[in-house]
Structure formats: structure tokens, C-alpha cells
Amino acid sequence: MYNSAKIISYPTEQKSRLKASKFLLMGDGHRDVKRHTDPRDKWYTPTFMFKGNTYPKYLHGTAYLMSSDTAHILYTESLKTSILHLEDVYITGIVANKVGIERIHQPLMTLMDFDKNDMCRLHGLIHLHKLSAADMYKAFDFINNLVNNCPISEVNFM
């Protein structure tokens, strides 16, 4: 079993930075998500691919962060694991479970809807999902405008 370690130092050499964390796997954590059983559903999962009623804890596929040792172990184990078409459930759920890598929920990577009335929520986010091109430009301009007076975010890094 592998345990993710806390980052102790931040090496300055690029090669070393990739190995600064042991078995890091971080993103928007999901748990107790029911298997989609309707064949018309985009995320339909037939029982021959996954027999359980709920998926294992996994990180949402729009963005997740992993250290190079985690990538190596997940890749190696995936070669011995039956495939599932939902890559986030497969890699960060099923395969990560098999090797015992802890998934860390990161609030700054949480999926949220874009709210044009509360642009301050954008500050500090690592990613955002389902934005139109026009909304991406608005979000980019807002974040890069240094005169916006937004309160400090209540979402902590760790």
C-alpha cells in the first residue's frame, strides 16, 4: 500500500520538483456516485465493465494533479486492470484503490458553475469547467484586473 506524503520542501531544480511529493493524487473528490444504468445516458456503464452500484471514491476528470511516481504506479497497474470507459473513475478510482493511493480533495479544484454575479469566487481557483468562450474572456479579464476589490477567499489550500 502507498501513502501520500505531505510536501516538506519545494526544490528549486526542475528535475527535483517533479519528485517533491510521494504518491500525490489531488483534485475534485467524488464519493458514493451511483453507476449510471440508463443506456441512453452519456455516462452509462454496463455491468460487464463495472459490477458495483456505486463507483469507488475518485477525482473528477476535468483536472487532477499527480506526482510522477503516482503516474508511474497508476500506469503500471492499469496494464493489469480491466478497462472502464470513464477515465477519471478508472484511473483515480479503480486503479488508485488497487494500489492504495490516497485521493486528496482540493477545494480550489472543485467543479462549480460560472456565476457572472459573483466573479470574486474565481480568485484562487485552479480550474473551472463548462465556460463559453465569451465567459472565459470575462473571467480572464476579471482575474487579471488588479483593481477588483474581492474579499479573501474562504477556501483554504490544504
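Note that the structure is predicted; figures quoted are calculated from it, not measured. Residue positions are given per chain, counted from 1 along the sequence in the order it is written. Restriction of local features to residues with pLDDT of at least 70 applies here, the model being predicted, together with a cutoff of 80 or more for giving and counting side-chain atom pairs; totals for whole chains, interfaces and linings are based on all residues. Side-chain measures were taken over the full set of non-hydrogen atoms in the model, leaving aside hydrogen atoms and water.

A. Up close: the overall build of the protein. In this description a helix means any DSSP run of H or I spanning at least four residues, a strand means any run of E spanning at least two, and both kinds are numbered starting from the N terminus. When its secondary structure is counted, the protein shows four helices and three strands. Its helices and strands in sequence order give the protein the pattern α-β-β-α-α-β-α, from N to C terminus. Remark: exposure states derive from per-residue accessible area (1.4 Å probe, protein chains only) relative to the maximum for the residue type, with buried under 20%, exposed over 50%, and partly exposed in between. Within the protein, the fraction of its 158 residues that count as buried is 34%. Within the protein, contacts between residues at least 6 apart in sequence are counted, and of these 58% link residues at least 24 apart. All accessibility values rest on the Shrake-Rupley procedure with a 1.4 Å probe; residue burial counts only the protein chains present in the view. Accessible surface computed for the protein: about 10800 Å², of which carbon and sulfur atoms make up 56%. Should any heavy atoms of two residues lie within 4.5 Å, those residues are counted as being in contact.

B. Region of the structure containing the packing of helix H2 (residues 68–78) against helix H3 (residues 87–99). An axis is simply a line fitted to the C-alpha atoms; with a helix, the fit covers only the stretch in contact. Between two such axes, the angle follows the N-to-C directions and lies from 0 to 180 degrees. Close contact between H2 and H3 brings their axes to 9 Å; oriented N to C, the two are set at 85°. When the interaxial angle is binned, H2 and H3 end up roughly perpendicular. Of the residues in H3, those in contact with Ile73, Leu74, Glu77 and Ser78 of H2 are Tyr90, Ile91, Val95, Ala96, Lys98 and Val99. Throughout this entry, Asp, Glu, Lys and Arg are counted as charged residues, while Ala, Val, Leu, Ile, Met, Phe, Trp, Tyr, Cys and Pro are counted as nonpolar. The remaining residues, Gly among them, count as polar. Each residue belonging to the contact of H2 with H3 can be placed in one class, and the counts come to seven nonpolar, one polar and two charged. Put simply, angles under 35 degrees are roughly parallel, angles over 145 are roughly antiparallel, angles from 65 to 115 are roughly perpendicular, and the rest are oblique.

C. View of H3. Considered for burial, the residues of H3 that qualify are Asp88, Val89, Tyr90, Thr92, Gly93, Ile94, Val95, Ala96 and Val99. On its buried face, H3 is in contact with strand S1 (25–30), strand S2 (58–66) and H2. Taken from the residues just after H3, glycine 100 is the one with a positive phi, measuring 75°.

D. Structural view of the pairing of S1. A pair of strands counts as paired when DSSP detects no fewer than two bridges linking them. Across five bridges, S1 lies against S2 in antiparallel orientation. The residue of S2 that forms the bridge with glycine 29 is leucine 59. Bridge count for S1 against strand S3 (residues 104–105) is two bridges, and the pairing is parallel. Considered in S3, the bridge of glycine 27 is made with histidine 105.

E. A look at the side chain of aspartate 28. Positionally, aspartate 28 belongs in strand S1. Charge counting treats Lys and Arg as positive and Asp and Glu as negative, with His and both chain ends excluded. We define a salt bridge as a contact between a side-chain nitrogen of Lys or Arg and a carboxyl oxygen of Asp or Glu at a distance within 4 Å. This buried residue, aspartate 28, is left without a salt bridge; arginine 31 holds the nearest opposite charge, at 10 Å. Pairing of N or O atoms within 3.5 Å defines a polar contact, subject to two protein rules: one partner must be a possible hydrogen donor and the other a possible acceptor, and residues neighboring in sequence count only if both atoms are side-chain atoms. Polar contacts involving the side chain of aspartate 28 include one to the side chain of histidine 30, which spans 3.4 Å.

F. Looking closely at the pattern of salt bridges. Counted by the stated rule, this structure contains five salt bridges. Across the pair lysine 22 and aspartate 69 runs a salt bridge, and its minimum N-O distance is 4.0 Å. Residue lysine 22 is located in the loop between helix H1 (14–17) and S1, and its partner aspartate 69 is located in helix H2; the two are separated by 47 residues in the primary sequence. Residue glutamate 77 is joined to lysine 98 by a salt bridge in which the shortest nitrogen-to-oxygen separation is 3.2 Å. Of this pair, glutamate 77 sits in helix H2 while lysine 98 sits in helix H3; the two residues are 21 residues apart in sequence, bridging distant segments of the chain. Take lysine 98: its relative accessible area is 43%, and that puts it in the partly exposed class. By sharing partners, the salt bridges in this structure join Glu77, Lys80 and Lys98 into a single network.

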